[in-house]
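Take a look at the letters that make up each chain.
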Amino acid sequence: MRDFSRSHDALSLNTATVRKQWRLPEIVDACARHGIRTIAPWRDQVADCGLARAGELIRAHGLALSGYCRGGMFPAIDAAARRAALEDNFRAVDEAAALGSPCLVLVVGGLPGALDGAPAHRDLGRARGEVRDGVAALLEYAREAAMPLAIEPLHPMYAADRSCVNTLEQALDLCDAVDPGRGGGVGVAIDVYHVWWDPKLAAQVARAGRDRILAFHVCDWLVRTTDLLLDRGMMGDGVIDIPAIRRWVEGAGYRGACEVEIFSAGNWWQRPGDEVLATCIARFGSCV
Ligand code: ZN
């Protein structure tokens, strides 16, 4: 396993980690200050700054991307809405390509309307079918753009509103369904927050292999967590054995960036951004 104790070259900053402190241009400057060479920006932050300017800033600072957040949200109430969702995903692919991202991360969606508190139905099987169809259709477009799709399984607590793909096994089954010949262009983003509890995790990481693992995200699971979305912990503050999972991921052949992704409304989003980045770097060396 790679030694992260002396260098944070492999650290990527998911820009949501400091989204309350800074806008994208300030985040890019801060990364330069802290010697962070890789980022994973969000579409809303890029839109806020303008796609062309975001690309210029990233290139001017010599930054690489570890992913682009995010596409997905395929299930919808009718065919027109599903088509609109797919079209929006095409634009996400275009943006990811313009920014030089190695993949587009997909949070695939759940029951339509659930994110707004009003689910249109209770048929999770239907949603999963729409996800499969959506990923298959997007894959055709993404292959033209040479933009790999990274399906991120989300913890089952998000099955209703954010993702009906909830285990790594399920995400890999989906990859196999849309890419049975393993021709490439589709894989998974493994986020320890979502998968750490899974008794099949080690076996499924091995099954994924080098060609299917497109991204690796780290943070920590806090006991007595106070919010299902916005109370992620800093690495080392929770119960996830992050080095054990990284060992499996690297054992499968992954050598890419380890992306720090922390949504923390009550804690880290309240602190000065420079303190957050310095802590990310320190914990990257000791707890990842
Ligand atoms: Zn993630």
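Residues numbered from 1 in each chain as written. Predicted model: local features only at pLDDT ≥ 70, side-chain atom pairs only at ≥ 80, totals over all residues. Heavy atoms only, no water.

A.B. asks: Help me understand the sheet that holds strand E5 (residues 104-107) in this model?
C.D. replies: Sheet strands associate in pairs through backbone hydrogen bonding, adopting either a parallel or an antiparallel arrangement. One open sheet accounts for 9 strands, arranged E3-E2-E1-E9-E8-E7-E6-E5-E4; its pairing is parallel. Both outer strands of the open sheet, strand E3 (64-65) and strand E4 (68-72), are each paired with one neighbouring strand and no more. Contacts from helix H5 (residues 124-144) reach E5, strand E6 (149-151) and strand E7 (186-191) within the one sheet, and its direction differs from that of E6 by about 155 degrees. (Pairing = 2+ DSSP bridges. Helix = DSSP H or I, 4+ residues; strand = E, 2+ residues; numbered from the N terminus. Contact = heavy atoms within 4.5 Å. Axes fitted to C-alpha atoms, helices over the stretch in contact; angles between N-to-C directions.)

A.B. asks: How do you make sense of the packing of helix H1 (residues 24-34) against helix H10 (residues 273-287) when you look at a structure like this?
C.D. replies: The relative placement of two packed helices comes down to the angle between their axes together with the axis-to-axis distance. As a packed pair, H1 and H10 sit with axes 11 Å apart at the nearest point and diverge in direction by 45 degrees. Relative to H10, the element H1 is oriented oblique. Remark: the crossing between H1 and H10 carries right-handed chirality. Facing Ala 30, Cys 31, Arg 33 and His 34 of H1, the residues of H10 in contact are Asp 274, Leu 277, Ala 278 and Ile 281. (Parallel < 35°, antiparallel > 145°, perpendicular 65-115°, else oblique. Left-handed = near helix turned anticlockwise from the far one by under 90°.)

A.B. asks: Just to check I follow, could you spell out the pairing of E5 for this structure?
C.D. replies: Regular strands show a simple pattern: their side chains alternate between the two faces of the sheet. Alternating residues of E5 divide into Leu 104 and Leu 106 and Val 105 and Val 107, and every residue in both groups is buried. Pairing of E4 with E5 involves 4 bridges; the strand directions are parallel. Note on E5: the bridge partner recorded for Gly 72 is Val 107. Once you follow E4 into helix H4 (residues 79-98) and on to E5, the crossover reads as right-handed. Across 3 bridges, the pairing between E5 and E6 is parallel. Each residue of the ladder has a partner; that of Val 105, found in E6, is Ala 150. Between the parallel elements E5 and E6, the chain passes through H5 in a crossover that is right-handed. (Buried < 20%, exposed > 50% of the residue type's maximum accessible area, 1.4 Å probe, protein only. Right-handed = clockwise from strand over helix to strand, strands pointing away.)

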